Each structure stands twice: as structure tokens, then as C-alpha cells.
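Residues per chain are reported as follows:
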Amino acid sequence: MQRADLHTHTTFSDGTLTPAEVVAHARELGLAAVGITDHDAIDGVAEALEAGERLGVTVVPGVEVNTDVPGSEVHMLGYFIDIDSSTLREALKGLREGRLRRAEQIVTKLRGVGVPVELERVLAIADGVGAVGRPHIARAIVEAGFAADISDAFDRYLSPGRPAHVPRPRFTPEEAIVAIREGGGAPVLAHPASAGRDECLRDWMRLGLVGIEADHTSHRPDEVLHYYRIARELGLIATAGSDFHGSPGTGAPLGERTCGLEVIDRLREAAERIRAGLAAAP
Ligand code: AMP
Ligand code: FE
Ligand code: FE
Ligand code: ZN
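Described below are features of the structure shown in this document. Quantities reported herein were computed from a predicted structural model and do not represent experimental measurements. Here the residue numbering is sequential within each chain, running from 1 through the sequence in written order. Ligands are numbered from 1 and chains lettered from A, in the order in which they are written. Only residues with pLDDT of 70 or above have their local features reported here, since the model is predicted, and side-chain atom pairs are shown and tallied only from 80 upward, although totals for entire chains, interfaces and linings are computed over all residues. As a rule here, side-chain values cover all heavy atoms of the structure and leave hydrogens and water aside.

**A word on the pattern of salt bridges**
Salt bridge, as used here, is a side-chain nitrogen of Lys or Arg placed within 4 Å of a carboxyl oxygen of Asp or Glu. Tallied over the entire structure, the rule returns 14 salt bridges. Across the salt bridge formed by glutamate 143 and arginine 121, the nearest N and O atoms sit 2.7 Å from each other. Separated by 22 residues along the polypeptide, glutamate 143 in helix H5 (residues 134-143) and arginine 121 in helix H4 (residues 119-125) bring together distant segments of the chain. Owing to a relative accessible area of 47%, glutamate 143 belongs among the partly exposed residues under this scheme. Linked by salt bridges that have partners in common, Asp40, Arg99 and Arg168 make up one network. A helix here means a DSSP run of H or I that spans at least four residues, while a strand means a run of E at least two residues long, and both kinds are numbered starting from the N terminus. The cut-offs for exposure are 20% and 50% of the maximum accessible area for each residue type, with area from a 1.4 Å probe on protein chains only; residues under the lower value are buried, those over the upper are exposed, and the others partly exposed.

Okay, structure coming up:
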């Protein structure tokens, strides 16, 4: 059966494989399609599309925007975004600049607690191109010998309540839905179980949410069933993805959670309708 993994990260955010490498890995695993959903960045999509064409893997252009709500993590995926949209590019650029300023603040705080991590090293690990994030800083901390591994670095320094935690400027979920639609993309709520905001789904649908990631690596089997059921009840597109971040030790393997290819058709149709709406707007 032809399967798609619609949630992956590359070196353009906090993944460890380049977009072309993610696509090549998808092909190795026999996946028919892969979604590229970097945090706050769409610059890796072009390379992935090119690799997909070469290797015969369907690449779904995407993005993942982390938003701010009290007490949980609400992440919005956007599929079939227009990678040339200047409104979306500007919005994402603002978020990435916020990430850079925040990385500077975290490094300063780390130095304050005796962890001598250099901003230059963090940016080198982030590869200079994409969205610099706490995972890159965590790798620098491990490299400097101040944590055993990435998750230890979060527990010691980077998680909320720890000495070097700095929040970053974020969209609200509502702003992310609007920004994704303005960029011609179809908004889908990522890993709804960790978002824990089922009661908001109808409001978000009124703003233009079209799907939920019913199957995600972090979802237990009963949660997967729950979200497939909710998607059916509300008429939302149910997507699936591994949240692959690259080499072993950085999360789930590629293809850990997948959906059928008809999901991609529905996402493409939704994005086409959204774009037709944009074109018709005054
Ligand atoms: P940021 O967007 O810079 O705040 O970083 C968020 C990313 O950090 C998430 O997408 C995860 O990939 C990673 N992350 C968050 N918490 C942890 C943790 N406790 N251990 C390992 N990685 C984490
Ligand atoms: Fe990540
Ligand atoms: Fe996420
Ligand atoms: Zn993700």
C-alpha cells in the first residue's frame, strides 16, 4: 500500500538531514510521499521538491508554526503553502529573527550559570540557514560536556522553569491559521493530543482550520482512534506523521506514522480553495 509521512524536519530547522536526504530516506523506506514541515521555515521545500522529482517521491510542501497558549504546545502545520508567498515569508522571517534574539539571551543565561556555550557554535550547529532553536543549543551544551544528551540538556537548562529557559515571541494559534492561509496553505493542527485543546477545534475551523494530525508518534493508540473519530465527526482532514528529526536519538524514525495518499489529494484541494478565496478577495 502506498503511504505518506506528512511531518518531518530538515536542517532548515532542527532536523539533522538535509531536505534531499529526507526524501532519499523516504524512498529507501518505500514511502510514496513525504511532507516537509520545518519549524517557521519554508526554505528547505524547493530542494525537497527537486529531490522528489528525481527520486519519484511525492513531496508535500509544508511548515510547522509553534504557537503560544498557556500551559501547552499548540503547533500548526500548513500544507501546500505557496513557497513564493511574500506575506508568509515575511511572517516566518519575523519569527526566525525572534528565535535568533532568543538564542542570544539563552547563551547569556547559560554563561551566567557557568556553561560556556558560544553563540557562534550554536549557529554553526544550526547550519546558519534556518530557524535556530533550543535543540541546537542543547547539542552545543552536550558538546561542551555539560549534559549527557539532548534531553538531559533540556531537563537541566532549557525547559520551562530551568535556569536558561527563555520563551520566544510566538503567534497565537489563530494568527498561525491566518498566516498559513494567507500563504495559500491548508492549516492542520499538529499532534492534537499534546495541544489538549479539543474544545477549540470548532472555533479554529471557523477561522479556516481544515485538518488535524490524528496519528502522530506521540499519540497512544486510543488517542489515534479518538482523533480519527473527531476528524470524521467535524469533517476535518485526518493526517499522519512521524515528526522525524533525523538521525537516531533525535526522535521517531521516518515512516513511524503514515496515512494514505488520498489525504494528500484532500489537502491539495483545500489549499486550492483557499487560494481561490485569496484571489477573489478585494
Ligand atoms: P524551540 O522551538 O526552539 O522552543 O524548540 C522546540 C523543539 O525542542 C521541539 O520541537 C522539540 O524538537 C525540542 N524539544 C522540546 N522539549 C524537549 C525535550 N524535553 N527533550 C528533547 N527535545 C525537546
Ligand atoms: Fe523540532
Ligand atoms: Fe510539533
Ligand atoms: Zn514537528
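After that view, the rundown keeps rolling.
**Describing the coordination of the iron ion (ligand 2)**
For Na, K and Ca the donor cut-off is 3.2 Å, and for all other metals it is 2.8 Å, counting N, O and S atoms only; because water is absent from this set, sites may look incomplete. Taken together, the protein ligands of the iron ion (ligand 2) are Asp14 (OD), His39 (NE2) and His245 (NE2), with distances of 2.1 to 2.2 Å. Counting along the primary sequence, the residues that act as donors to the iron ion (ligand 2) give the motif D-x24-H-x205-H.

**Considerations on the layout of surface pockets**
Grid points spaced at 1 Å over the protein atoms alone were grouped into cavities, where a 1.4 Å probe fits but cannot get out, and pockets, open sets with protein on both sides within 12 Å along at least five of seven lines, with lining residues defined by an atom within 4 Å of a point. Grid points are joined across faces, edges and corners, and a volume is the space filled by probe spheres set on the points. In this structure, the largest pocket spans a volume of roughly 890 Å³. Asp14, His39, Pro135, Phe154 and His245 are the residues nearest the centre of the largest pocket, which is lined by 35 residues in total. Secondary-structure elements contributing two or more residues to the lining of the largest pocket are strand E3 (58-69), strand E4 (72-79), helix H3 (86-112), H5 and helix H6 (150-158). Gly counts as polar in this scheme, as do all residues outside two lists: the nonpolar Ala, Val, Leu, Ile, Met, Phe, Trp, Tyr, Cys and Pro, and the charged Asp, Glu, Lys and Arg. A class-by-class count of the residues in the lining of the largest pocket yields five nonpolar, 19 polar and eleven charged. Residue ranges assigned to the domains are those given by an automatic or database domain assignment. Structurally, the lining of the largest pocket is a two-domain feature, drawing no fewer than three residues from each of domain 1 (3-92 + 170-280) and domain 2 (101-158). One number sums up the size of the second largest pocket: a volume of about 180 Å³.

**Examining the nonpolar core**
Counting 44 residues, the largest nonpolar core has Val34, Met76, Leu189, Leu201, Trp204, Leu209 and Ile212 as its most contacted members. The contact criterion used throughout is that any non-hydrogen atoms of two residues lie within 4.5 Å. Those residues within four positions of leucine 201 in sequence are excluded, and the remaining contacts are Leu189, Leu209, Ile212, Ile230 and Leu234. Throughout, nonpolar core names a set of buried Ala, Val, Leu, Ile, Met, Phe, Trp, Tyr and Cys residues whose side chains join them through atoms within 4.5 Å. Membership of the second largest hydrophobic core comes to 22 residues, among which are Val115, Val117, Leu119 and Val166.

**Considering H6**
Of the positions making up H6, those classed as buried are Asp152, Ala153, Phe154, Tyr157 and Leu158. The definition of a polar contact used here is a pair of N or O atoms within 3.5 Å, where within protein one atom must be able to donate a hydrogen and the other to accept one, and adjacent residues in sequence count solely through side-chain atom pairs. Structurally, the start of H6 carries an N-cap: the backbone nitrogen of serine 151 is 3.3 Å from a side-chain oxygen of aspartate 149.

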